[in-house]
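Working through the structure, step by step
These are the residues of each chain, in order.
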Amino acid sequence: GDSVTQMEGPVTLSEEAFLTINCTYTATGYPSLFWYVQYPGEGLQLLLKATKADDKGSNKGFEATYRKETTSFHLEKGSVQVSDSAVYFCALQRGDSSYKLIFGSGTRLLVRP
Amino acid sequence: KAGVTQTPRYLIKTRGQQVTLSCSPISGHRSVSWYQQTPGQGLQFLFEYFSETQRNKGNFPGRFSGRQFSNSRSEMNVSTLELGDSALYLCASSLAGTVDGYTFGSGTRLTVV
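Residues numbered from 1 in each chain as written. Chains lettered and ligands numbered in written order. Predicted model: local features only at pLDDT ≥ 70, side-chain atom pairs only at ≥ 80, totals over all residues. Heavy atoms only, no water.

**Observations concerning the nonpolar core**
All names here are of chain A. Judged by nonpolar contacts, the single largest core of 26 residues is most densely connected at L19, W35, L48, F73, L75 and Y88. Those elements that place two or more of their residues in this core are β2 (11–14), β3 (19–21), β4 (23–26), β5 (32–38), β6 (44–50), β8 (62–65), β10 (86–93) and β12 (107–112). For this core, the leading source of residues is β10, giving 4 residues. Every residue in contact with F73, bar those within four places of it in the chain, is listed here: C23, L33, F34, W35, L48, K49, A50, A64, T65, Y66 and C90. (Core = buried A, V, L, I, M, F, W, Y, C linked by side-chain atoms within 4.5 Å. Buried < 20%, exposed > 50% of the residue type's maximum accessible area, 1.4 Å probe, protein only. Helix = DSSP H or I, 4+ residues; strand = E, 2+ residues; numbered from the N terminus. Contact = heavy atoms within 4.5 Å.)

**Here we look at the pairing of strand β4 (residues 31–38) of chain B**
Residues and elements named next belong to chain B. Most of β4 sits out of view: 8 of its 8 residues are buried. Because side chains alternate across β4, one face comprises the buried residues S31, S33, Y35 and Q37, and the other comprises V32, W34, Q36 and T38, equally buried. The loop that links β4 with its antiparallel partner strand β5 (residues 42–50) comprises 3 residues. Summarising the sheet, β4 and strand β9 (residues 87–94) pair through 7 bridges and their orientation is antiparallel. Pairing of V32 across the sheet is with S93, part of β9. (Pairing = 2+ DSSP bridges.)

**Points about the packing of aromatic side chains**
Per the counting criterion, the structure on display carries 12 aromatic pairs over all chains. For the ring pair F34(A) and Y36(A), a centre distance of 6.2 Å and an interplane angle of 40 degrees mean the geometry is tilted. On the basis of relative accessibility, which here comes to 0%, the residue F34(A) falls in the buried class. For Y36(A), a relative accessible area of 0% puts it in the buried group. Here F103(A) and F104(B) contribute two aromatic rings whose centre-to-centre distance is 6.2 Å and whose plane-to-plane angle is 65 degrees, an arrangement assigned as edge-to-face. One end of the pair, F103(A), is in strand β11 (residues 101–103); the other, F104(B), is in strand β10 (residues 103–104), on a second chain. The burial state of F103(A) is the same as that of F104(B); both residues are buried. One aromatic cluster is present, built from ring pairs that chain together F34(A), Y36(A), F89(A), F103(A), Y35(B), F45(B) and F104(B). Geometry around F50(B) places R55(B) over its ring, the cationic atom sitting 4.6 Å from the centre. (Phe/Tyr/Trp six-rings, centres within 6.5 Å; stacked < 30°, edge-to-face > 60°. Lys NZ or Arg CZ within 6 Å of the ring centre and 35° of its normal.)

**Considering the interface of chain A and chain B**
Facing the 21 residues of chain A at the interface are 19 residues of chain B. Taking both partners together, chain A and chain B bury about 1600 Å²; carbon and sulfur atoms supply 55% of that area. The interface formed by chain A and chain B contains 0 salt bridges. Our count for the contact surface shared by chain A and chain B stands at 4 residue pairs in polar contact (both at pLDDT 80 or more). When residues of the side of chain A that touches chain B are traced back to their parent elements, those giving at least two are β5, β6, β10 and β11 of chain A. For the side of chain A that touches chain B, the leading source of residues is β5(A), giving 4 residues. Per-class residue counts for the side of chain A that touches chain B are 8 nonpolar, 9 polar and 4 charged. (Buried area = accessible area lost by both parts, 1.4 Å probe. Salt bridge = Lys/Arg side-chain N within 4 Å of Asp/Glu carboxyl O. Polar contact = N/O pair within 3.5 Å; in protein donor to acceptor, adjacent residues only side chain to side chain. Nonpolar A, V, L, I, M, F, W, Y, C, P; charged D, E, K, R; others polar.)

Right under this line is the structure:
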């Protein structure tokens with residue numbers, strides 16, 4: 001079945017460091033791919049998305065490119081801030097008979113001043 | 001524009017009781033999904049409703065049920081609560097169950113004692 005695999009956390013970085021969180025997926029067809037972020041005590045916020053191969057999603061300095069050949073959707077940011085500390089979830093969604101989101105296990109990011 | 005509203009935010013119930021959680025989607029959104037989030041299992045899909053019809057259901061026992069009303073508001077019910085039902089329950093809505101992802105509410109934190 002469909003699945004999403006994320007790198008284990010926590011990821012601890014200093015402010016202004018470069019961030020990469022790896023995400024790979026297994027799915028039939030051409031799913032849409034998403035990154036969601038969850039701050040403490042809150043629900044999930046959509047960070048960025050890509051709906052077809054080679055699409056690049058971007059928002060708030062974060063970027064991810066839909067790579068069909070490597071079935072990956074890695075999240076990157078050039079310079080992280082303390083306020084980026086949160087849990088990041090990679091997810092896929094197929095548009096056939098089911099619109100459910102399938103999530104990875106989440107990666108906790110901690111940014112130190 | 002109001003977001004997805006979930007009530008109550010926190011709930012404490014005793015084993016064996018039942019509970020009803022409520023979700024008001026973004027105005028105009030017709031698709032509502034529910035997810036359970038636990039530290040051990042991560043984010044798991046419960047069910048999805050579109051125009052008052054359950055379109056998909058996850059792998060949860062029959063104690064978990066839901067419904068959607070004509071105004072798109074949704075409720076989920078858990079009967080005969082077990083300790084393992086303690087979780088954050090997240091509701092998400094989208095315009096028409098598209099592959100553009102969902103907007104999530106802040107969740108209801110259910111604790112079963």
